[in-house]
2 protein chains.
Amino acid sequence: MSQAELRILLIEDEPHIRRFVRSTLEAQQWTVYEADCGQRGLVEAGSRQPDLLIVDLGLPDMDGVALIRDFRHWSQAPVLVLSARSDEADKIAALDAGADDYLTKPFGVGELLARVRALSRRHARQLEASPLLSFGEVSVDLARREVRRGGVEVALTPMEYKLLCALLRDAGKALTHRMLMQAVWGPGHTDDSHYLRIYMSRLRQKLEQDPAQPVHFITLSGVGYRFQF
Amino acid sequence: MSQAELRILLIEDEPHIRRFVRSTLEAQQWTVYEADCGQRGLVEAGSRQPDLLIVDLGLPDMDGVALIRDFRHWSQAPVLVLSARSDEADKIAALDAGADDYLTKPFGVGELLARVRALSRRHARQLEASPLLSFGEVSVDLARREVRRGGVEVALTPMEYKLLCALLRDAGKALTHRMLMQAVWGPGHTDDSHYLRIYMSRLRQKLEQDPAQPVHFITLSGVGYRFQF
DNA sequence: CGGGCGTTTACAGCTTGTTTACAGCAAGCC
DNA sequence: GGCTTGCTGTAAACAAGCTGTAAACGCCCG
């Protein structure tokens, strides 16, 4: 297992809980970095680049949810929340902000370790899993954000890439114009499906063998589109 | 031998032992920095970047083992422990924390020097064997913090080096502007990606064969960058 | 006070999103 | 059939924003 190299950043202001969690985690041979407030937490996160973030929501200097949201802007590492509050609203807020798990105080050693293991496993799978999607002579590497066709890299604009991702995410399903517009342009321009046709055309030009007779990017007239592997 | 340039940080609270060790080491033409407590020791370690750390476990303000562990988090330099305690548990704790050797008081001059020489030798070997990352005609030695291009050392500023490290750490993956800004400038200036472009340009000037047509430092327009070996 | 370094400013060139225009194409209606 | 109408696909053009680079500025430190 790669757990031996797990590097965890713990952001917790209460010293006794910090010691408790730290010793529990270090007993598993994991590396633990500490921060006692949100500001230092973010600095440590930037310099340490941890594999897992454990953060107490009740920090003295900043809102834990805001911290998570900031962290999520630039890191994919899993986030485990510790909190004295068990309100569902708090949990929702934290999870929506990007947290992956939420542990209510008081908690036991066994549960903490089990949750950390679960998170690290999930993260490891993400890294290990061959992120290569392929159809026809095209392969898509989501981590590298790279699209190849017959081995040659194809340059997709951000919009084109977003659209392709939306199609791949729900491959095989019928997607209405509104759904796709929503996915690419966000709430708003969900009406003018003209953009969508232009970008679908460009995707076909770049990825279909014969753009005039698409095999993977199927038109559902009057409805929308469907992607087919 | 490069021992002539050995720079040693001594963290010891007892003045007479400090004087004794210092004079012993300086007789070998080595440079000795001093700290009389753990806090100042860590500060000195960070600013002096010593080649070797000698630390007394019985410091007044902090646990010597914790100090070693902290030091180990960001430095590979060898650590020699001085201690009045000879319990096996203490040694194991210190060595597991990252210490390389454990010397029990009282100790003789000869043994101290021999152990220091052994440690510096081992460290030198480690440095020689330090893993080289290389791409194109460039090689990066993270342990030595040295970048060479066609065998000639390239001088990188701290910012440039940080950026290069961030790129190397997640080589092959797409890194957004935010991710890179966070890694180099920390939380805060994660918005203005202009700095980033300037430094990416400087890295390309220094490391790419043809900066106008970068092969390793790939631009992902509207997204960020990706480093490629 | 001089040099190195991070930051700011300025600008040219290119990429991209959006707009505009126009050509099939199928279905329906006279 | 001929025509209209609505939907669809493609091409070209343009403005705005993004990107890369050079140069100047200010600041710290020896």
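An unreviewed UniProt entry lists chain A under the name Response regulator, with Vogesella oryzagri as the source organism.

Engineer: Now, about the overall build of chain A: what can you tell me, with residues and values included?
Structural biologist: When you go through chain A residue by residue, the secondary structure sums to 8 helices and 12 strands. Going through the 229 residues of chain A one by one, you find that 45% of them count as buried. Considering only contacts in chain A between residues 6 or more positions apart, those separated by 24 or more positions represent 54%. Of the roughly 11,400 Å² that chain A leaves accessible, carbon and sulfur atoms contribute 51%.

Engineer: Tell me about the interface of chain B and chain A, and name the residues and values.
Structural biologist: Opposite the 19 residues of chain B that make contact, chain A presents 20 residues. Interface area for chain B against chain A, summed over the two sides, is near 1,700 Å², with a carbon-plus-sulfur share of 51%. In this assembly, chain B and chain A are joined by 2 salt bridges. The partner of B:Arg226 in a salt bridge is A:Glu146, with the nearest N and O atoms 3.2 Å apart. In this structure, the connection of chain B to chain A is made through 7 residue pairs in polar contact (both at pLDDT 80 or more). For the side of chain B that touches chain A, the elements supplying multiple residues, two or more each, are α3 (64-74), β10 (174-176) and α7 (177-185) of chain B. Classifying every residue of the side of chain B that touches chain A by side-chain character gives 7 nonpolar, 7 polar and 5 charged.

Engineer: Now, about the protein's contact with DNA strand D: what can you tell me, with residues and values included?
Structural biologist: With respect to spatial proximity, 26 residues lie near DNA strand D, and among them A:Arg197, A:Thr219, B:Arg197, B:Thr219 and B:Tyr225 are the closest. Considering the 4 Å shell around the protein, atoms of DNA strand D inside it are sugar or phosphate in 82% of instances. One of the backbone nitrogen or oxygen atoms of A:Gly222 is found 2.5 Å away from a phosphate oxygen of DNA strand D. Only α8 (194-207) of chain A together with α8 (194-207) of chain B provide two or more residues apiece to the surface near DNA strand D. Looking at the surface near DNA strand D residue by residue, the class counts come to 6 nonpolar, 14 polar and 6 charged.

Engineer: Hey, could you go over the pattern of salt bridges for me, with residue numbers and the actual values?
Structural biologist: Residues and elements named next belong to chain B. Under the definition given, this model contains 29 salt bridges over all chains. A salt bridge links Glu160 to Lys206; the shortest N-O distance between them is 2.8 Å. Placement of the pair is Glu160 in helix α6 (residues 158-169) and Lys206 in helix α8, with a sequence separation of 46 residues. A relative accessible area of 3% places Glu160 in the buried class.

Engineer: Let's hear about the sheet that holds strand β11 (residues 217-220) of chain A: which residues, and what values?
Structural biologist: All names here are of chain A. With antiparallel pairing, the 3 strands of this open sheet are ordered in space as β10-β12-β11. A single partner strand is all that each edge strand has here, and the edge strands are β10 (174-176) and β11. On average, adjacent strands in this sheet sit at an angle of 30 degrees to one another, irrespective of strand direction. Where β10 lies against strand β12 (residues 224-227), 3 bridges are found, and the strand directions are antiparallel. Pairing of Leu175 across the sheet is with Tyr225, part of β12. Running at roughly 75 degrees to β10, helix α7 (residues 177-185) makes contact with β10 and β12 of the sheet. Along the sheet, α8 contacts β11 and β12; its crossing angle with β11, the most-contacted strand, is approximately 150 degrees.

Engineer: Requested: an account of unusual backbone geometry, with residues and values cited.
Structural biologist: Residue and element names in this part refer to chain A. The omega torsion of the bond from Lys105 to Pro106 falls at -5 degrees, within 30 degrees of zero and hence cis. When you line up the elements, Pro106 lands in the loop between β5 (101-104) and α5 (109-128). We note that Gln29 has phi near 70 degrees; this positive angle belongs to a residue other than glycine. Of the residues examined, Gln29 reaches a relative accessible area of 60% and is grouped as exposed.

Engineer: So what about the confidence of the model for chain A? Which residues, and what values?
Structural biologist: In low-pLDDT segments, the atomic positions of the prediction should not be examined closely. All names here are of chain A. Here chain A shows a mean pLDDT of 85. Residues at 70 or above account for 93%. Element-level mean pLDDT values for chain A span from 66 in α5 up to 95 in strand β3 (residues 52-56). The low-confidence segment residues 125-130 (pLDDT under 50) makes 1 contact with residues lying over four places distant or belonging to another chain.

Engineer: If you had to explain helix α3 (residues 64-72) of chain A to someone new, which residues and values would you point to?
Structural biologist: Residues and elements named next belong to chain A. Listed in full, the buried residues belonging to α3 are Gly64, Val65, Leu67, Ile68, Phe71 and Arg72. Down the axis of α3, the buried side of the element spans an arc of 160 degrees, and every buried residue falls inside it. Elements in contact with the buried residues of α3: β1 (7-11), α2 (38-48), β3, β4 (79-83) and α4 (88-97).

Engineer: Before we move on, can you summarise the sheet that holds strand β9 (residues 152-154) of chain B with the specific residues and values?
Structural biologist: By way of backbone hydrogen bonds, the strands of a sheet pair with one another, either parallel or antiparallel. Residues and elements named next belong to chain B. With respect to topology, 4 strands assemble into an open sheet ordered β6-β7-β8-β9, the strand pairing being antiparallel. A single partner strand is all that each edge strand has here, and the edge strands are β6 (132-135) and β9. Sheet twist, expressed as the mean angle between neighbouring strand axes with direction ignored, is 30 degrees. The strands that α8 touches are β6, β7 (138-141), β8 (146-149) and β9; relative to β8, the one it contacts most, it runs at about 55 degrees.

Engineer: I'd like a rundown of the pairing of strand β3 (residues 52-56) of chain B, residues and numbers included.
Structural biologist: Residues and elements named next belong to chain B. For β3, a buried count of 5 out of 5 residues is recorded, marking the element as mostly surrounded by other parts of the structure. Here β3 shows two buried faces, one formed by Leu52, Ile54 and Asp56 and the other by Leu53 and Val55. Judged from the 4 bridges that link them, strand β1 (residues 7-11) and β3 form a sheet pairing that is parallel. Counterpart to Leu9 in the pairing with β3 is Leu53. As paired elements, β3 and strand β4 (residues 79-83) share 4 bridges and run parallel to each other. The residue bridging Ile54 from the neighbouring strand is Leu80, located in β4.

Parameters and conventions
- Residues numbered from 1 in each chain as written.
- Chains lettered and ligands numbered in written order.
- Predicted model: local features only at pLDDT ≥ 70, side-chain atom pairs only at ≥ 80, totals over all residues.
- Heavy atoms only, no water.
- Helix = DSSP H or I, 4+ residues; strand = E, 2+ residues; numbered from the N terminus.
- Buried < 20%, exposed > 50% of the residue type's maximum accessible area, 1.4 Å probe, protein only.
- Contact = heavy atoms within 4.5 Å.
- Areas by Shrake-Rupley, 256 points an atom, 1.4 Å probe, with all protein chains shown as cover.
- Buried area = accessible area lost by both parts, 1.4 Å probe.
- Salt bridge = Lys/Arg side-chain N within 4 Å of Asp/Glu carboxyl O.
- Polar contact = N/O pair within 3.5 Å; in protein donor to acceptor, adjacent residues only side chain to side chain.
- Nonpolar A, V, L, I, M, F, W, Y, C, P; charged D, E, K, R; others polar.
- Near = heavy atom within 4 Å.
- Pairing = 2+ DSSP bridges.
- Axes fitted to C-alpha atoms, helices over the stretch in contact; angles between N-to-C directions.
- pLDDT = per-residue confidence, 0-100.
- Arc of directions from axis to C-beta.

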